Amino acid sequence: MDGALELRGITVTYGGLTALSEVSLDVEPGTVHGVIGPNGAGKTTLFNVACGFTAPDSGTLTWEGARLTRLRPHDLAGLGIARTLQGVGLFDRMSVLENVVVGADTRARSGFWSSLLGLPRSSHEERQLREEAMTVLERLGVASYAARTPTSLPYPVRKKVALARALAARPRLLLLDEPASGLAADEMDELGELVRELTGEMAVLLVEHHMDLVMRVCDQITVLDFGRRIAQGPPAVVRDDPAVLAAYLGDAVEGV
Amino acid sequence: MQQLLNTALGGLTLGMVYAAFALALVLIWRSTRIVNFAQAPMAMLTTFVALTVIDAGYSYWIGFVVALLAGLALGAVIERFVVRHVEGGPEINAVILTLGLFIVLHALASVVFGNRYRSFPAPFGIRGIEVGETTIGLTGFGIFTVVAVLVVMGLLVALFRFTDVGLRMRASAFNPEVARLLGVKVGRMLTLGWALAALVGSLAALLIAGGSLVHPGYMDSIVVYGFVAAVLGGLDSPLGAVVGGLLLGLSLSFVSGYLGSELVALAALGILMAVLLLRPGGLFAQAQERRV
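Just so it is clear, the model here is predicted, and its values are computed rather than measured.

Peer 1: Account for the overall build of chain A, with residues named and values stated.
Peer 2: A count of helical and extended segments in chain A gives nine helices and ten strands. Expressed as a percentage of its 256 residues, the buried residues of chain A come to 53%. On chain A, roughly 11,100 Å² of surface is accessible, and the fraction owed to carbon and sulfur atoms is 52%.

Okay, here's the thing in structure tokens:
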């Protein structure tokens, strides 16, 4: 299979403004693909195209060999794609564990009526779902908060819970939208390690403006500037690309 | 002393029915932000279904179960084919739609079942139970009312707390966009929510009808009391609906018993106004706002 997710010649315009122009990228299975660029470069637009929030004016989106013509947000889970939201988007009045169980739930096979009537197979499955949810929470080191409600937790913990919810669905592609925003340096390191661990398990598309995080965890990087792709390749290549240095990395690269 | 006890017992029984009806309104409000004024005629229709089954020679219990199932089906059909079109739109559209449904279902009942009073049977005695030499204001049917409402509420709590479907329904109600992203079939959950609400409404209607007279308008005042009870509890809180229903039942029973039954409707409106003025979020209002 070539490329878990392929974007080809994606163009998005808003009125007279071109947000993305002929952008192509592949997210290979089991690898992390980062998208970076200055503010307004089109990162968020690209993310929204990948998750079906924005329909491109031209260009194609292919997932596991099948072309997605009208991808809509509620199709994602069924396609094996999970995403996190910038605003975290947890269910405030449900416990942390319940939040994650809802994420894992899309894989539950037993039917509507059997789970409604609480038939044995279903309650067995529910127990299993809860165990799996706990496992994911443990993996992210937030299992001790399982019974709390998200509103009572600090922001970094909530972000981890949101990530746990996305992982609980065992996606084949994980879309991460600015996962490091609002995190302290050590929390960002932890996040980086976790994303690295996910390689091999699933493909990851990471849209992020924290340069060092992207350099550290990505296998491939696409650099956007004014809606155009100005560079693409492994971190070592992108880092030294003159176009990238000129457009964006000039001062940021010093600290790497 | 005895009057006090009897008034309290009567209020408790009636309060249970208001609680059930308020719960039906709250279930729909929570998931779709719609106050379903059509709840009354929907529930009324199902009691007429029960009456038709009973008149055809079947037992009360078969009629009872058929009516609850009819409520379940009617709620699902109305959400899926009628209300679905205004969900997510301006709130006033939904209000007008449920008021329209109110009139249509009323007219339908008058045409199909006739616009006259008919008596509805009760499966248990409707005379007060005798304790020693005195008769207390609690009937066999009253006990059945309390038990039936408690059982249904218990089942609903279990459904929402401990099952998969319940979890998905809550997720859909709290944040439909995110739930959709996670692969929850939100539309189906809304249909199920309306179906369950209509079932609870049917139960309330059957309990009100038991041992008394029914006609196409007999539930109309109950939707007002149910609404007052739901507002009293905060509209968003199922527990609030139950407590609100009980409080309202008790208050109205005392008004009726000590001040005169003609003041009951006035008292209900007084309570509604007092709540809206003093605690507009209801007695169980949550501190934080729901993000819309």
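Peer 1: Quick one: what's the story with the pattern of salt bridges, residue by residue and with numbers?
Peer 2: All names here are of chain A. Applying the stated criterion across every chain yields a total of 17 salt bridges over all chains. Asp219 serves as the salt-bridge partner of Arg196, at 3.4 Å between the closest nitrogen and oxygen. Here Arg196, found in helix 6 (residues 185–198), pairs with Asp219, found in the loop between helix 7 (211–217) and strand 9 (220–225); they are 23 residues apart in sequence, far enough to count as distant. For Arg196, a relative accessible area of 32% translates into the label partly exposed.

Peer 1: Tell me about the domain arrangement of chain A, residues and numbers included.
Peer 2: Residue and element names in this part refer to chain A. Structurally, chain A comprises domain 1 (5–80 + 171–255) and domain 2 (92–155). Facing seven residues of domain 1, the contacting portion of domain 2 comprises four residues. Taking both sides of the interface into account, the surface hidden between domain 1 and domain 2 amounts to around 430 Å²; carbon and sulfur atoms contribute 50%. Counting the surface domain 1 buries against domain 2, the share from its top three residues, Ala77, Leu194 and Glu201, is 52%. Remark: the boundary between domain 1 and domain 2 carries two salt bridges. As a salt-bridge pair, Arg139 and Glu201 come within 2.9 Å of each other at their nearest N and O atoms. The tally of links between domain 1 and domain 2 comes to one residue pair in polar contact (both at pLDDT 80 or more). Its residues assigned to classes, the side of domain 1 that touches domain 2 shows three nonpolar, two polar and two charged.

Peer 1: Describe the packing of helix 5 (residues 140–162) of chain B against helix 8 (residues 186–209) of chain B, naming the residues involved and giving the relevant values.
Peer 2: Packed helices, taken two at a time, are described by the angle their axes make and the gap between the axes. Residue and element names in this part refer to chain B. Close contact between helix 5 and helix 8 brings their axes to 10 Å; oriented N to C, the two are set at 170 degrees. Put simply, helix 5 runs roughly antiparallel to helix 8. Between helix 5, through Phe141, Phe144, Thr145, Ala148, Val149, Val152, Leu156 and Leu159, and helix 8, the contact on the second element is made entirely by Leu196, Val200, Leu203, Leu206 and Leu207. Tallied by class, the residues present in the contact of helix 5 with helix 8 amount to twelve nonpolar, one polar and no charged.

Peer 1: Break down the environment of Ala41 of chain A for me, citing the residues and quoting the values.
Peer 2: Residue and element names in this part refer to chain A. Relative to the helices and strands, Ala41 resides in the loop between strand 3 (32–36) and helix 1 (43–50). Residues Ala41 and Val136, 95 residues apart in the sequence, show an inter-C-alpha distance of 34 Å. Beyond its immediate stretch of four places on either side in the chain, Ala41 contacts Ala19, Leu224, Asp225, Phe226 and Gly227.

Peer 1: Provide a residue-level description of the side chain of Thr145 of chain B, including the pertinent values.
Peer 2: Residues and elements named next belong to chain B. For Thr145, the location among the structural elements is in helix 5. Since its relative accessible area comes to 2%, Thr145 is described here as buried. Once residues lying within four places of it in the same chain are set aside, the contact partners of Thr145 are Thr13, Val17 and Leu207.

Peer 1: I'd love a proper account of the side chain of His215 of chain B, names of residues and values included.
Peer 2: All names here are of chain B. Checked against the element boundaries, His215 lands in the loop between strand 4 (213–214) and helix 9 (220–233). At a separation of 3.3 Å, a polar atom in the side chain of His215 contacts the side chain of Tyr117. Discounting chain neighbours no more than four positions away, the residues touching His215 are Met44, Phe48, Arg116 and Tyr117.

Peer 1: Any details on the interface of chain A and chain B? Residues and values, ideally.
Peer 2: Accessible area lost during the coming together of the parts is what is often quoted as the interface size. Counting residues at the interface gives 27 residues for chain A, matched by 25 residues for chain B. In total, chain A and chain B occlude about 2,400 Å² of area from one another, counting both sides; carbon and sulfur atoms represent 64% of this. Inspection of the chain A/chain B interface yields two salt bridges. Measuring nitrogen to oxygen at the nearest pair gives 3.9 Å for the salt bridge that ties Arg93 of chain A to Asp236 of chain B. At the junction of chain A and chain B, the tally comes to one residue pair in polar contact (both at pLDDT 80 or more). Listing elements by their share of the side of chain A that touches chain B, those giving two or more residues are helix 2 (96–105), helix 3 (112–116) and helix 4 (120–139) of chain A. When residues of the side of chain A that touches chain B are assigned to their parent elements, the largest contribution, five residues, is made by helix 2 of chain A. Each residue belonging to the side of chain A that touches chain B can be placed in one class, and the counts come to 13 nonpolar, six polar and eight charged.

Peer 1: Describe unusual backbone geometry, and please don't skip the residues or the numbers.
Peer 2: For Glu22 of chain A, which is not glycine, the phi dihedral falls at a positive 50 degrees. Residue classification places Glu22 of chain A among the exposed residues on the basis of a relative accessible area of 54%. One non-glycine residue, Leu235 of chain B, lies in positive phi territory at about 60 degrees. On the secondary structure map, Leu235 of chain B appears in the loop between helix 9 and helix 10 (238–259).

Peer 1: Residues and numbers for the packing of helix 1 (residues 2–32) of chain B against helix 2 (residues 39–55) of chain B, please.
Peer 2: All names here are of chain B. One way to put it is that helix 1 packs onto helix 2 with a least axis distance of 11 Å and a crossing angle of 120 degrees. Viewed along their axes, helix 1 and helix 2 adopt a mutual orientation that is oblique. When you trace helix 1 past helix 2, the crossing you get is right-handed. In this structure, helix 1 contributes Phe21, Ala24, Leu25 and Ile28 to the contact, and helix 2 contributes Gln39, Ala40 and Ala43. Partitioning the contact of helix 1 with helix 2 into residue classes produces six nonpolar, one polar and no charged.

Peer 1: Would you mind going over helix 2 of chain A in detail, with residue names and values included?
Peer 2: In terms of burial, helix 2 of chain A is a largely internal element, ten of the ten residues being buried. Taken as a whole, helix 2 of chain A has its buried residues at Val96, Leu97, Glu98, Asn99, Val100, Val101, Val102, Gly103, Ala104 and Asp105 of chain A.

What counts as what
- Residues numbered from 1 in each chain as written.
- Chains lettered and ligands numbered in written order.
- Predicted model: local features only at pLDDT ≥ 70, side-chain atom pairs only at ≥ 80, totals over all residues.
- Heavy atoms only, no water.
- Helix = DSSP H or I, 4+ residues; strand = E, 2+ residues; numbered from the N terminus.
- Buried < 20%, exposed > 50% of the residue type's maximum accessible area, 1.4 Å probe, protein only.
- Areas by Shrake-Rupley, 256 points an atom, 1.4 Å probe, with all protein chains shown as cover.
- Salt bridge = Lys/Arg side-chain N within 4 Å of Asp/Glu carboxyl O.
- Domains from an automatic or database assignment.
- Contact = heavy atoms within 4.5 Å.
- Buried area = accessible area lost by both parts, 1.4 Å probe.
- Polar contact = N/O pair within 3.5 Å; in protein donor to acceptor, adjacent residues only side chain to side chain.
- Nonpolar A, V, L, I, M, F, W, Y, C, P; charged D, E, K, R; others polar.
- Axes fitted to C-alpha atoms, helices over the stretch in contact; angles between N-to-C directions.
- Parallel < 35°, antiparallel > 145°, perpendicular 65-115°, else oblique.
- Left-handed = near helix turned anticlockwise from the far one by under 90°.

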